[in-house]
Amino acid sequence: MRFHLAADNPKYRKGGNRLAFFRKGRTAPVCEPLQTARSTADPLAGYTLRTPLTIGEIRLYETMREAVPVIDAAIQKIVRLTGDFTVTCGDQAADTILNRFCADVQVGANGTGLHSFIASYLDQLLTYGNALGEIVPARDGSDIRALYHASLETVEVSQGKTPLELEISLRGAGKNTPVRRPELLLFTALNPPAGEVTGVSLLRGLPFVSSVLLKIFRSVGQNFERMGNLRYAVTYRPSADGYDKTNARERAMTIAREWSDAMSAAEQGQIKDFIAVGDVDIRVIGADNQVIDSEVPVRQLLEQIVAKLSLPPFMLGLSWSTTERMSAQQADILTSELDYYRRLLTPVIVKICRTFLRLHRIWNEPQVEWSSINLQDEVEHAQARLYNAQADALLRAE
């Protein structure tokens, strides 16, 4: 099944829109001009008001995830550690309908469930710094048909008429076309810079570090390839005898032919001895050189990657010596990072569920409840609960 932006469907244009109750009775308040916004008279305004999501940058981050397994594993672990959630609206009958929608809604061509959509949405947000999705309503406008995870290559995000408005356009041949129903789109920016409408990738700052790391790995691979596939230097030195000097060329060619025949026989599993007369020296090329130790520079580069991704090293399979206290602090830092990502995803979940409820004429507001993040040992949690209970008992006794 192939989805298109629902805004392009003629059934949802003005005059034939059954979702008009989103605007019914609501008038957008008029906003005073911002004093700190960039003036349109600025010669650079045309470049700053329109912030395209370049295809080259998208390809760069995709290549980094493919080339550096640690980066790909870290993003996948963050998505999984973000945890599960439930959505309620304060009514038992409505909760049943809403939970069925969250479990059964179609996501793209082969996905099912709101949790699947949010997982891919967060993956895109972390990788590219921006995430784009679309609510696809049914043809009669009575239900949500599916959720579509849109590609960032097909759109351009720009500032609207005011710095407080966002405009999403479809990229075309020489001209961009604004979407007709932007209220059906879902867009989230990760850590957008001041005055900008798009975010920055979690991987920003890592392309240089990753390139150096890949150079080291490539060099190590080439060195081990040379060590495993030895190259020999065969040197023949003629003696002072005039006969040797006269026939030096023929003897050198004979030695080369016999050596080549011995090496070819070794490749086929046959063992042949090489016998030479005179001053013949055979050495392994590069045997005198020492392989550079790459452990220290690789660890330094991996430390930069781990620090950027905010994941404890042991979660990525890196056995660095850390104390128990340090591991607990790293888990606390990761918990705060996951809470931040949850705050970014909560408005997206609320918008999807609110749209579903309004289409079914249910006016309750959805509430998102995230599962607790558990990165510590259960024994430590039990001891903490015991200490809290003992403290409460002492306070009541006083």
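Refer to the structure presented above.
A short tour of the structure in this document, coming up. (Residues numbered from 1 in each chain as written. Predicted model: local features only at pLDDT ≥ 70, side-chain atom pairs only at ≥ 80, totals over all residues. Heavy atoms only, no water.)

### Observations concerning the overall build of the protein chain
Looking only at helices and strands, one finds 11 helices and 13 strands in the protein chain. For the protein chain, the proportion of its 398 residues judged to be buried stands at 34%. Relative to all contacts within the protein chain whose residues are 6 or more apart in sequence, the contacts with residues 24 or more apart total 69%. Surface summary for the protein chain: the accessible area is close to 24800 Å², and the carbon and sulfur share equals 53%. (Helix = DSSP H or I, 4+ residues; strand = E, 2+ residues; numbered from the N terminus. Buried < 20%, exposed > 50% of the residue type's maximum accessible area, 1.4 Å probe, protein only. Contact = heavy atoms within 4.5 Å. Areas by Shrake-Rupley, 256 points an atom, 1.4 Å probe, with all protein chains shown as cover.)

### What about the packing of aromatic side chains?
What characterises a pair of aromatic rings is the spacing of the ring centres plus the angle enclosed by the ring planes. Applying the stated criterion across every chain yields a total of four aromatic pairs. Plain terms: the ring middles of Phe101 and Phe356 are 4.2 Å apart, the flat faces sit at 15° to each other, and that makes the pair stacked. You can see Phe101 sitting in helix α4 (residues 92–104) and its partner Phe356 sitting in helix α10 (residues 324–359), a full 255 residues away along the chain. In this pair, the class of Phe101 matches that of Phe356, namely buried. With a centroid separation of 5.8 Å and 55° between ring planes, the pair formed by Tyr340 and Tyr341 is classed as tilted. Residue Tyr340 is classed as partly exposed on the basis of its relative accessible area of 24%. (Phe/Tyr/Trp six-rings, centres within 6.5 Å; stacked < 30°, edge-to-face > 60°.)

### Overview of the side chain of Asp95
Structurally, Asp95 is set in helix α4. With residues up to four places along the chain from it excluded, the contact list for Asp95 reads Thr88, Cys89 and Gly90.

### Looking at the packing of helix α3 (residues 69–81) against helix α9 (residues 295–309)
It is the contact of α3 with α9, at a shortest axis distance of 11 Å, that shows an interaxial angle of 20°. With respect to α9, the axis of α3 lies roughly parallel. In this structure, the crossing between α3 and α9 has a hand that is right-handed. Every residue of α9 that contacts α3 at Val70, Ile71, Ala74 and Ile78 is listed here: Leu302, Ile305 and Leu309. (Axes fitted to C-alpha atoms, helices over the stretch in contact; angles between N-to-C directions. Parallel < 35°, antiparallel > 145°, perpendicular 65-115°, else oblique. Left-handed = near helix turned anticlockwise from the far one by under 90°.)

### Focus: the environment of Ile118
With respect to the helices, strands and loops of the structure, Ile118 is situated in helix α5 (residues 114–128). On the basis of relative accessible area, Ile118 is assigned to the buried category, the value being 4%. With residues up to four places along the chain from it excluded, the contact list for Ile118 reads Phe85, Leu345, Val348 and Ile349.

### Some points on the nonpolar core
Ranked by size, the top nonpolar core spans 76 residues in total, and within it Leu114, Phe117, Leu126, Ile305, Tyr341 and Ile352 carry the most contacts. The element best represented in this core is α10, accounting for 13 residues. Excluding residues that lie within four positions of it along the chain, Ile305 makes contacts with Val68, Val70, Ile71, Leu206, Val209 and Leu213. (Core = buried A, V, L, I, M, F, W, Y, C linked by side-chain atoms within 4.5 Å.)

### Digging into the packing of α3 against α5
It is at 10 Å that the axes of α3 and α5 come closest, and there the two elements cross at 135°. One element, α3, and the other, α5, form an angle in the oblique class. Judged by the twist between their axes, the crossing of α3 over α5 is right-handed. Contacts between α3 and α5 involve Ile75, Ile78 and Val79 on the former and, on the latter, Ala119, Leu122, Asp123, Leu126 and Thr127.

### Thoughts on a nonpolar patch on the surface
Nonpolar side chains collect at one region of the surface, where Tyr232, Val234, Met263, Ile282 and Val284 lie side by side and expose about 340 Å² of accessible area between them. Mapped by element, the contributors of at least two residues to the nonpolar patch are β11 (232–237) and β12 (279–284). Residue position: Met263 is located in helix α8 (residues 248–267). (Patch = residues over 30% accessible without salt bridge, like charges linked within 9 Å, V, L, I, M, F, W, Y side chains within 5 Å. Salt bridge = Lys/Arg side-chain N within 4 Å of Asp/Glu carboxyl O.)

### Structural notes on the pattern of salt bridges
This structure, assessed with the given rule, holds eight salt bridges. A salt bridge links Arg181 to Glu183; the nearest nitrogen and oxygen atoms lie 1.9 Å apart.

### Looking at the sheet that holds strand β6 (residues 144–149)
An order of β4-β3-β6-β5-β10 is seen for the five strands of this open sheet, with the pairing classed as mixed. The sheet terminates laterally at β4 (111–112) and β10 (185–189), the two strands that pair on one side only. For strand β3 (residues 106–107) and β6, the ladder comprises two bridges, and the chain directions are parallel. Across the sheet, Val107 pairs through a bridge with Leu147, a residue of β6. Docked against the sheet, α5 engages β3, β4, β5 (130–137), β6 and β10, running at close to 150° with respect to β5. (Pairing = 2+ DSSP bridges.)

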